[in-house]
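# Topology and contacts: notes
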Amino acid sequence: MKIAVASGKGGTGKTTVSVSLALSVSDPLVLLDCDVEEPNSSIFLGDTTGRQTETVTVPVPVLDESKCTACGECGRFCEFNAIVCVGTSVMVFPELCHSCGGCIRVCPHGALHEEESPVGELSFCTISAGTGSNRALILVEGVLTIGKAMSPPVIRAVKRKGAALAGTLSSENARDVLTIMDSPPGTSCPMTTTVSDADVVILVTEPTPFGLHDLDLAVQTVRKMKLPFGVVINRSDSGDDRVREYCKKESIPLLLEIPEDRRIAEGYSSGIPLVQAAPEYREQFARLARDAAYLAGVVNDGRKHA
Amino acid sequence: MKIAFSASGDTLDAQLDARFGRAAKFLIVDSDTNEYGVVDNTQNLNAAQGAGIQSAQHVVSAGASALVSGHTGPKAFKVLSAAGVEIYLSSAATVRDALEAWKKGELQKIDNADVEGHWI
């Protein structure tokens, strides 16, 4: 089963919830840090030695000037203005390219071919310390290269690697693997790329006007994507009651409330996960995982109900 | 000679748009006769990305050999330079004022983009 932890607003506690879920369940588990512009799950997981890295690349068009007649077909085709024909020269702007390969197909002279261009890096390792059990926890993290603008290719690479590693865990353990995806904030391509194949989405919010506003955007997004979801309210005794009223009005399940707690804040500021700073939450997060599974229509055998 | 001006309207008294890629229109003015044509750029005004590149292409295909605008970013600069279009900056209020300033040789011609590129 795949649980995505998302939010509209940034800084509401996605990583806190993702890591705490990961540390509170006994299933073999893959944690994907899909927030590739600022991944931070690993900070809370202690020893990540033995990390392996892989470069993430995307194909971009490269021009063979000797074959180009500057007919302009490539530029007319490109939806993203990543290739343009001006006068007798064709210019490629790889940073705008979405790697669709269309320019290469429409070029009547075979003057374009694809070359791989690096956009980021992913890393993965098995975490043993601090997991509270001897089951396997694999972390996969993506990092978008500084200066690159498009994170979805890196997010997709993280998800592919996660699926491959989940496959190895599943055969070893003969049990279904739980995949937790720590999503980037917002509701644009990075977020939708992350949650697109989730069985259920946990939306983390805070009881403030900004929290509510962006929660509503996130709710509209996951509804449009037809994904089951529920809400977690972090720092739930700050702010006001409008998020609770909103959830009630919209019939959205409120899965967990986490009140302000100095132990949690102090732990967070020194890289200690919530469930370690406040161990009584372990049971609540285990229940959160069960409730999320219920929302996803997944029972313990991992099969979906019709 | 034909000069392109980024503009928010379609007469010489329209405001000179400080933005190049996301200007609503381009006025293509013949500097000898003051006659002009209008190129609509609203498609790029709403483009997700690459507005400067497409706008530069509009200016080039309109046959302009110079551009007067408030600012020009790096990608637009690259395209315009490749096509041999000279780029002048102006903070004049209207296209007419900018045209007069260009005629008097008061406008600064740039050899590099004067603003950073930006994203989506």
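Residues numbered from 1 in each chain as written. Chains lettered and ligands numbered in written order. Predicted model: local features only at pLDDT ≥ 70, side-chain atom pairs only at ≥ 80, totals over all residues. Heavy atoms only, no water.

As a further point, take the overall build of chain A. Scanning chain A from terminus to terminus reveals 10 helices and 11 strands. Intrachain contacts of chain A at a sequence separation of at least 6 include 72% that bridge at least 24 residues. Carbon and sulfur atoms provide 51% of the accessible area of chain A, an area that totals close to 14200 Å². (Helix = DSSP H or I, 4+ residues; strand = E, 2+ residues; numbered from the N terminus. Contact = heavy atoms within 4.5 Å. Areas by Shrake-Rupley, 256 points an atom, 1.4 Å probe, with all protein chains shown as cover.)

Moving on to the domain arrangement of chain A. In terms of domain boundaries, chain A breaks down into domain 1 (2–47 + 128–296) and domain 2 (58–117). The centre of domain 1 of chain A, based on its C-alpha atoms, is set 39 Å off from the matching centre of domain 2 of chain A. (Domains from an automatic or database assignment.)

Note on sheets: strands pair through backbone hydrogen bonds, and any given pair is parallel or antiparallel. Residues and elements named next belong to chain A. Taken together, the 9 strands give an open sheet; going across it, the order is β3-β6-β7-β2-β8-β1-β9-β10-β11, and neighbouring strands pair in mixed fashion. Of all the strands in the sheet, just β3 (52–63) and β11 (254–258) have a single pairing partner and so form its edges. Mean inter-strand twist for the sheet, computed between neighbouring axes without regard to direction, equals 20°. Where strand β2 (residues 29–33) meets strand β8 (residues 178–182), 5 bridges bridge the pair, whose relative direction is parallel. Paired with Leu31 across the bridge in β8 is Ile180. Across the sheet, helix α6 (residues 209–224) lies against β9 (200–205) and β10 (229–234), angled at about 170° from β9, the strand it touches most. (Pairing = 2+ DSSP bridges. Axes fitted to C-alpha atoms, helices over the stretch in contact; angles between N-to-C directions.)

Below, the discussion takes up the pattern of salt bridges. Inspection of every chain in the model, using the stated rule, returns 22 salt bridges over all chains. For the salt bridge of Glu86 of chain B with Lys109 of chain B, the shortest nitrogen-to-oxygen distance reads 3.5 Å. Of this pair, Glu86 of chain B sits in strand β5 (residues 86–89) while Lys109 of chain B sits in strand β6 (residues 108–109), and the two are 23 residues apart along the sequence. Look at Glu86 of chain B and you get partly exposed, because its relative accessible area is 28%. The class of Lys109 of chain B is partly exposed, set by a relative accessible area of 42%. Counted as one network, the salt bridges with shared partners bring together Lys9, Glu206, Arg235 and Glu260 of chain A. (Salt bridge = Lys/Arg side-chain N within 4 Å of Asp/Glu carboxyl O. Buried < 20%, exposed > 50% of the residue type's maximum accessible area, 1.4 Å probe, protein only.)

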